[in-house]
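Structural overview for review
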Amino acid sequence: LALYGPAEVPARKGPRRAVFEAYNLQLRSSADERSSALTTDGSKEYSWSLHPFSWSPQDDLLLVTRNDWRKVHFMPVVHWLQPNREEVSYSLYPYTGGNMERTELYVIDVQSSARTRIDTGSEPDQQIWPLGWRMGGAEVVFMRADRLLKRLDLMAADVKTGRSRVLLTERQDTFVEGVTLSPQV
């Protein structure tokens, strides 16, 4: 599985950074390299991710995602480059009508490791892209799209309660054009 986002993100102010390691997140001191775990429940198919804009303006919260591939089909890919030594790897393949990757959005308090799950809606086949922070760190902003990309919502969520609201919606009969969407980065 590919890592979405950077392996580490330095705090805006201060000598520390958030680090992705072994499917989990850590807080690491830049001064002495000591680490403390922010998450311990990540796994290969249910992994945490950072983003370049993960830190809140006050450096006390992190906006992160948790990517769930547990129900997505993995397709075998055979590599025949070495004579008599084929290798098999597996790639995510969310085939038509099959399960897609699910993205959960969280805000983590770096002092207590407390998590607030952001309400992204109940649609099972939606895609989520975190965008950053607004209003001095009281809200996070993200985009939500349906599977066919016929609806795209710009949303904001309260970092304390996780409640979200729609700021803007774009709908098209075919698909929403003019938006470059990359995986979680």
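All residue numbers refer to position in the chain's written sequence, counted from 1. Given that the model is predicted, a residue must reach a pLDDT of at least 70 before its local features are reported, and side-chain atom pairs must reach 80 or more before they are shown or counted; all residues, however, enter totals for whole chains, interfaces and linings. With hydrogens and water excluded, all non-hydrogen atoms of the structure serve as input to the side-chain values.

What about the pairing of strand β2 (residues 16–21)?
If a strand is regular, its side chains alternate between the two faces of the sheet. Any two strands with at least two DSSP-identified bridges between them are counted as paired. Note on conventions: DSSP H or I runs of at least 4 residues are helices, E runs of at least 2 residues are strands, and numbering of each starts at the N terminus. The pairing of strand β1 (residues 8–10) with β2 spans 3 bridges and is classified as antiparallel. Bridge pairing in β2 links E8 to V19. Between β1 and β2, which pair antiparallel and follow one another directly, the connecting turn spans 5 residues, one of which, G14, has a positive phi of 105 degrees. By the bridge criterion, 6 bridges tie β2 to strand β3 (residues 24–29) in an arrangement that is antiparallel. Within the sheet, the bridge partner assigned to A18 lies in β3 and is L27. Between β2 and β3, which pair antiparallel and follow one another directly, the connecting turn spans 2 residues, one of which, A22, has a positive phi of 55 degrees.

A word on the side chain of R151
By secondary structure assignment, the location of R151 is in strand β13 (residues 151–158). Overall, the relative accessible area of 14% leaves R151 in the buried class. Here a polar contact is recorded for every N or O atom pair within 3.5 Å, except that within protein the pair must consist of a potential hydrogen donor and a potential acceptor, and residues adjacent in sequence are included only if both atoms are side-chain atoms. Reaching out from R151, the side chain makes a polar contact with the side chain of E123 at a distance of 3.3 Å. Note on definitions: a residue-residue contact is assigned when non-hydrogen atoms from the two residues lie within 4.5 Å. Beyond its immediate chain neighbours, meaning those up to four positions away, R151 contacts E123, R144, A145, D146, T169, E170, R171 and V176. With a 1.4 Å probe rolled over the protein chains alone, any residue whose accessible area is under 20% of its type maximum counts as buried; one over 50% counts as exposed, and the rest are partly exposed.

Points about the confidence of the model for the protein
For every residue, the predictor assigns a confidence score, pLDDT, that lies between 0 and 100. Residues with a pLDDT of 70 or more make up 95% of the protein, whose mean pLDDT is 90. No element of the protein has a lower mean pLDDT than strand β8 (residues 87–92), which averages 86, and none a higher one than strand β10 (residues 115–118), which averages 98.

Brief notes about the packing of aromatic side chains
When two rings of Phe, Tyr or Trp (its six-membered ring) have centres within 6.5 Å they constitute a pair, described as stacked for plane angles under 30 degrees, edge-to-face for angles over 60, and tilted for the intermediate range. The full count for this structure, using the stated rule, is 2 aromatic pairs. To sit over a ring, a charge needs its Lys NZ or Arg CZ within 6 Å of the ring centre and within 35 degrees of the ring normal. Of note, R66 hangs over the ring of Y46, and the distance from its end group to the ring centre comes to 3.6 Å. The ring of Y46 carries R70 above its face, with NZ or CZ at 3.8 Å from the centroid.

Overview of the sheet that holds strand β11 (residues 127–134)
The strand order β11-β12-β13-β14 describes an open sheet built from 4 strands, whose pairing is antiparallel. Sheet topology places β11 and β14 (164–171) at the edges, where each strand pairs with a single neighbour. Strand-to-strand twist in this sheet, taken as the mean axis angle between neighbours without regard to direction, amounts to 20 degrees. Sheet topology note: the β11/strand β12 (residues 139–145) ladder contains 7 bridges and is antiparallel. Directly across from W133, in β12, lies its bridge partner V140. Axes here mean lines fitted to C-alpha atoms, for a helix over just the part in contact, with angles spanning 0 to 180 degrees between N-to-C directions.

Focus on the pattern of salt bridges
A pairing counts as a salt bridge when a side-chain nitrogen of Lys or Arg comes within 4 Å of a carboxyl oxygen of Asp or Glu. In the structure shown here, the tally under the stated rule is 14 salt bridges. When the shortest N-O distance is used, the salt bridge between D32 and R34 registers 2.8 Å. According to the relative accessible area criterion, R34 is exposed, its value standing at 62%. Among the ionic pairs, D41 bridges to R115, the shortest N-O distance being 3.0 Å. Note that D41 is positioned in the loop between β4 (35–37) and β5 (46–49) and R115 in strand β10, a separation of 74 residues in sequence. What you see here is one network of salt bridges that share partners, running through E123, R144, R151 and D153.

Notes on unusual backbone geometry
We note that S113 has phi near 65 degrees; this positive angle belongs to a residue other than glycine. Positionally, S113 belongs in the loop between β9 (102–109) and β10. Owing to a relative accessible area of 25%, S113 belongs among the partly exposed residues under this scheme. Here L149, not a glycine, exhibits a phi torsion of approximately 60 degrees, which is positive. Of note, L149 is situated in the loop between β12 and β13.

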